[in-house]
Amino acid sequence: MESTVIKTNEVKVDGIVYTAPRFSHAVLGEKFYTFDLAVRRKSGVMDYIPVTVSDRAFDIDSIEAGTSLAVLGSFRSYNKHTQNGSRLLLSVFASELSTPAEQADENKILLQGTVCKVPQHRTTPLGREIADLFLAVNRSYGKSDYIPCIVWGRNAIYAGKIPVGTKFNCRGRIQSRVYKKDNREHTVYEVSLYSLEPVG
């Protein structure tokens, strides 16, 4: 993860398995399961990050709630169509699972993506600058993942002026956020970026 070469989409998260794996979907007989990984921020706030695993790559029964786990993979998106429209689902697709030597609560993501919507810059009620970015990140076989991102401070002011179509190398962390709508709690996931480097 410390390489100077930016990967197109690489995630490394260490945390505690918060929920046992639950069946998600199947493709051509391959079954996929999802569980939530609890990762603590430096501030003490917990992020609950969804992780997707294949039953052909991992022993699903060995993933138990309450155990420490390090996950290496990529951050992927999926449009789930419902009666009320479509909903963007985000998850870390695991390529490697291991037991961390010590509980480090690591949370790193490296992306190379293209801005695919006009960035939205605003100021919070507390006076902080923030901008929303939506990145299209290409996979190796032609499909793209669409990743919502936020940036703060001077980067937010800069991001608010970025034209659609600009490609960036980015570094950040995955975070979860809960909000209420229609008296129900909803969880959204986004990447908080601390580094934006234009490609070329």
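Anything mentioned here points back to the structure above.
Computed from a predicted structure; not experimentally measured.

Thresholds, definitions, all that
In this numbering scheme, every chain counts its residues from 1 along its sequence in written order. Reporting in this predicted model follows two pLDDT cut-offs: at least 70 for local features of residues, and 80 or more for side-chain atom pairs to be given and counted; totals over whole chains, interfaces and linings ignore these cut-offs and use all residues. To obtain the side-chain values, all non-hydrogen atoms of the structure were included, while hydrogens and water were left out. Salt bridge, as applied in this entry: a Lys or Arg side-chain nitrogen positioned within 4 Å of an Asp or Glu carboxyl oxygen. Secondary structure elements follow DSSP: runs of H or I of four or more residues count as helices, runs of E of two or more count as strands, with numbering from the N terminus. In this scheme, a residue with accessible area under 20% of its type's maximum is buried, one over 50% is exposed, and one in between is partly exposed, where area comes from a 1.4 Å probe on protein chains only. By the criterion applied in these results, polar contacts are pairs of N or O atoms within 3.5 Å in which, for protein atoms, one can donate a hydrogen and the other can accept it, and in which residues neighboring in sequence qualify only through two side-chain atoms. Only heavy atoms enter the contact rule, under which two residues are in contact if any of them lie within 4.5 Å. Here the rule is simple: two strands pair whenever DSSP picks up at least two bridges between them. Residues grouped as a nonpolar core are buried Ala, Val, Leu, Ile, Met, Phe, Trp, Tyr and Cys residues, joined through side-chain atoms within 4.5 Å. Centre distance within 6.5 Å is the pairing criterion for rings of Phe, Tyr and Trp, where only the six-membered ring of Trp is used; planes under 30 degrees apart are then read as stacked, over 60 as edge-to-face, and the remainder as tilted. We count a charge as sitting over a ring when the NZ of a lysine or the CZ of an arginine lies within 6 Å of the ring centre and within 35 degrees of the ring normal.

Regarding the pattern of salt bridges
Phase 1: Taken as a whole, this structure holds nine salt bridges when the rule is applied.
Phase 2: Among the ionic pairs, Asp47 bridges to Arg173, the shortest N-O distance being 3.1 Å. Within this pair, whereas Asp47 is found in strand β4 (residues 46–54), its partner Arg173 is found in strand β11 (residues 167–181), the two being separated by 126 residues in sequence. Of the two residues, Asp47 and Arg173, both sit in the buried class.

Focus on the environment of Ala101
Phase 1: As for its position among the elements, Ala101 is in the loop between β6 (85–98) and β7 (107–115).
Phase 2: In this structure, the C-alpha to C-alpha distance between Ala101 and Val53, residues 48 residues apart in sequence, is 22 Å.

Considerations on unusual backbone geometry
Phase 1: One non-glycine residue, Leu28, adopts positive backbone phi at about 50°.
Phase 2: With respect to the helices, strands and loops of the structure, Leu28 is situated in the loop between β2 (22–27) and β3 (30–40).
Phase 3: For Leu28, a relative accessible area of 83% gives the class exposed.
Phase 4: Positive phi, normally seen in glycine, also occurs at Asn183, with a value near 60°.
Phase 5: Of note, Asn183 is situated in the loop between β11 and β12 (184–198).
Phase 6: Overall, the relative accessible area of 82% leaves Asn183 in the exposed class.

Comments concerning the side chain of Ser77
Phase 1: Assignment of secondary structure puts Ser77 in strand β5 (residues 68–82).
Phase 2: From its side chain, Ser77 meets the backbone nitrogen of Tyr146 in a polar contact 2.9 Å long.
Phase 3: The contact partners of Ser77, leaving out residues within four places of it in the chain, are Leu88, Leu89, Leu90, Arg139, Ser144, Asp145 and Tyr146.

Focus: the pairing of β2
Phase 1: Here β2 runs beside β3; their pairing, made up of five bridges, is antiparallel. Residue Arg22 lies in a different strand from β3, and its bridge partner there is Thr34.
Phase 2: In this antiparallel pair of consecutive strands, β2 and β3, the connection spans two residues, and Leu28 shows a positive phi of 50°.

Details of the nonpolar core
Phase 1: Core analysis: the biggest nonpolar cluster contains 38 residues, and Leu37, Val53 and Phe75 have the highest contact counts within it.
Phase 2: If sequence neighbours within four positions are ignored, Phe75 has contacts with Asn9, Val11, Leu90, Ser91, Val92, Ile109, Asp145, Ile147, Ile174, Tyr189 and Val191.

Some points on the packing of aromatic side chains
Phase 1: This model, assessed by the stated rule, comprises five aromatic pairs.
Phase 2: Measuring from ring centre to ring centre gives 5.7 Å for Phe23 and Tyr33, while their planes differ by 80°; the resulting arrangement is edge-to-face. In this pair, Phe23 sits in strand β2 while Tyr33 sits in strand β3, placing the two residues 10 residues apart along the sequence.
Phase 3: Tyr33 sits in the buried class, given a relative accessible area of 19%.
Phase 4: Look at Phe134 and Tyr146: their rings are 6.5 Å apart centre to centre, the planes differ by 20°, and that puts the pair in the stacked class. Highlighted residues: Phe134 in strand β9 (residues 129–138) and Tyr146 in strand β10 (residues 144–152), separated in sequence by 12 residues.
Phase 5: Residue classification places Phe134 among the partly exposed positions, given a relative accessible area of 22%.
Phase 6: Taking relative accessible area as the criterion, Tyr146 reaches 36% and is therefore assigned partly exposed.
Phase 7: We note Lys117 situated over the ring of Phe134; from NZ or CZ to the ring centre the distance is 5.5 Å.

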